[in-house]
Amino acid sequence: MTRNAISLNGSWTSRWVFILAATGSAVGLGNIWKFPYMTGMYGGGAFVMMYLVCIVLVGMPIMIAETLIGRRARMSPVNAMRSLAVEAGASPRFAWPALIGMVAALLILSFYSVIAGWSLDYILGMGTGRFQSVDANAAGALFAGLTADPWRLTIWHTLFMALTGFVIARGVVAGLEKSLRVMMPLLFVLLLMLLGYSVTTGHFMQGFHFLFNFQPDKVLDGLLAAMGHAFFTLSVGVGSIMVYGSYMPRQASIGATVLTVGILDTLVALTAGMALFPIVFAGGLEPGAGPGLMFVTLPVAFGSIPFGQVMGTVFFVLVLIAAWTSSISMLEPAVAYLVERTGRSRVAITTVLAMLCWLVGMGTVLSFNVGAPAKFFVFAEDGFHFFQWGAEGGRNFFDSIDYLTSRILLPLGGLAFVLFAGWVLTRDTVRDELNMRSPLAFTLVYWSMRVVAPVGVLVVFVAELAKQ
Ligand code: TRP
């Protein structure tokens, strides 16, 4: 079979654009918002260590697998998996993991948009001086005020979803390149400036210790959480990277590009952590505060430094853009698939999907205020309840979607993709697509996809079950 030169949905102009796009997808709220609060919740160094191990041993091989599957087939994930499976003489049912991934990506987008909406609110707040010289308490109260107000949350959620739909409707390939070229370096510079500030708090070493002080006895606590986050932060397990891979030029080296993306993503997360925790400790805040951590700590920092108002505004604009370049990668697999499948316009398909995600996102909006007592997956004394109003334990809507996607769907999706690349595709196909100069590097990558990554996922699942 001759391979398509380009996908129906477009093609990047060079390998740099793939790196930019994949980095844009990977670097997002996961690095700046989620990584610090997860680290805080799971006690610091042990979580960070497991996260790093999972990035290298599991996340990177899966990212390579997704990219190569996408580029080989030059179709949306569902059709890519199906056609490559059929071509290899395997069952067309291999399209299923991609289909489930597609839905998982839309579920992630539903809450991602709400959180990204918080940064929209903070852009306004910073710009108008709402956070001028606030202390930790005042910042906490302002954040609580935001999440308690469903209307305000809804407005920002709606606006962010519209922004995401706008880029996707125009086509990823057309819109993305320019914004990423400016945004990524700027984000990094501002993170470094924040880091500079956190050194002046006098609590830098305490923060550093918290992040990197490895406590072996705590490893099991957050193992599945760390693996789930490794998937989340690299955008793997749902087909986001696969669909971007399908737009990648033939001659680009997959190994080198994926490595670049993984390193950049990790650097941003660690820098964000090093910048945030000293501020947390200096302000006497709780590292385990949960999803509000970044939104409570950063105003304190920006509220008390020269030009803080301007820098704070710029920072939240960057957070917004980082979230934006990630959110589009969640919508793209489904849009690309439905364009191929129905032949309808991108605009129509994007509109319908964005509205669906918006609706599901309203569940997250309400879970922070009037809907907070609605609990799912409740294990009570009288047994298991899927839903219970006002239960003590259980997870609210936001927690449930986050748990379902990060801890279950992403690892299973990633497992399916990496097994597919390692065991369904022939060795020659994989070698041809990876096109690595060093045979040793190829062998390492190939076996990491065949054995290391799948075993890693399974071990973490088993360890988690054993913990119960
Ligand atoms: N990686 C992004 C972040 O860290 C989020 C993201 C984009 C994502 N695409 C994804 C997460 C696909 C899971 C699956 O913010």
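Coordinates for the structure precede this section.
Reference entry: report on the structure contained in this document.

What counts and what doesn't
- Residues numbered from 1 in each chain as written.
- Predicted model: local features only at pLDDT ≥ 70, side-chain atom pairs only at ≥ 80, totals over all residues.
- Heavy atoms only, no water.
- Salt bridge = Lys/Arg side-chain N within 4 Å of Asp/Glu carboxyl O.
- Helix = DSSP H or I, 4+ residues; strand = E, 2+ residues; numbered from the N terminus.
- Buried < 20%, exposed > 50% of the residue type's maximum accessible area, 1.4 Å probe, protein only.
- Axes fitted to C-alpha atoms, helices over the stretch in contact; angles between N-to-C directions.
- Parallel < 35°, antiparallel > 145°, perpendicular 65-115°, else oblique.
- Left-handed = near helix turned anticlockwise from the far one by under 90°.
- Contact = heavy atoms within 4.5 Å.
- Nonpolar A, V, L, I, M, F, W, Y, C, P; charged D, E, K, R; others polar.
- Near = heavy atom within 4 Å.
- Polar contact = N/O pair within 3.5 Å; in protein donor to acceptor, adjacent residues only side chain to side chain.
- Areas by Shrake-Rupley, 256 points an atom, 1.4 Å probe, with all protein chains shown as cover.

### Regarding the pattern of salt bridges
Phase 1 of the analysis: Applying the stated criterion across every chain, the model contains nine salt bridges.
Phase 2 of the analysis: For Arg250, the salt bridge goes to Glu433, with nearest N and O atoms at 2.9 Å. With Arg250 in the loop between α11 (240–245) and α12 (254–282) and Glu433 in helix α17 (residues 427–434), this pair connects stretches of sequence that are 183 residues apart.
Phase 3 of the analysis: The exposure class assigned to Arg250 is partly exposed, which follows from its relative accessible area of 33%.

### Overview of the packing of helix α5 (residues 95–127) against helix α6 (residues 136–147)
The axes of two packed helices give the description: the angle between them and the distance between them.
Phase 1 of the analysis: With their axes 11 Å apart at the nearest point, α5 and α6 run at an angle of 125° to one another. Taken together, α5 and α6 sit at an angle that is classed as oblique. Judged by the sense of rotation from one axis to the other, the crossing of α5 with α6 is right-handed. For the pair α5 and α6, contact is made by Trp118, Asp121 and Tyr122 and by Phe143, Leu146 and Thr147, respectively.

### Description of the packing of helix α3 (residues 45–73) against helix α10 (residues 223–234)
Phase 1 of the analysis: Between α3 and α10, the shortest axis-to-axis distance is 8 Å and the interhelical angle comes to 50°. Taken together, the axes of α3 and α10 are oblique relative to one another. At the point where α3 passes α10, the crossing takes the right-handed sense. Residue-level inspection shows Phe47, Met50, Tyr51, Cys54, Ile55, Val58, Gly59, Met60, Ile62 and Met63 of α3 in contact with α10, the latter providing Leu223, Ala225, Ala226, Met227, His229, Ala230, Phe231, Thr233 and Leu234.
Phase 2 of the analysis: Considered class by class, the residues forming the contact of α3 with α10 number 16 nonpolar, three polar and no charged.

### Concerning the side chain of Thr364
Phase 1 of the analysis: Looking at the secondary structure, you find Thr364 in helix α15 (residues 346–367).
Phase 2 of the analysis: Judged by its relative accessible area of 0%, Thr364 falls in the buried class.
Phase 3 of the analysis: Setting aside chain neighbours within four positions, we find Thr364 in contact with Phe111, Val114, Phe397 and Phe398.

### Observations concerning the site of the ligand
Phase 1 of the analysis: Around the ligand, a shell composed of 17 residues is seen, among which Ala26, Gly30, Tyr112, Phe232 and Ser235 lie nearest.
Phase 2 of the analysis: Within the backbone of Gly30, a nitrogen or oxygen atom sits 2.8 Å from an oxygen atom of the ligand.
Phase 3 of the analysis: Note that a nitrogen atom of the ligand is positioned 3.2 Å from one of the backbone N or O atoms of Thr233.
Phase 4 of the analysis: Its free accessible area being 370 Å², the ligand has 100% of it covered by the protein chains.
Phase 5 of the analysis: Of all elements in the fold, only α1 (15–26), α2 (29–41), α5, α10 and α14 (308–342) reach the threshold of two or more residues within the shell around the ligand.
Phase 6 of the analysis: Classifying every residue of the shell around the ligand by side-chain character gives eight nonpolar, nine polar and no charged.

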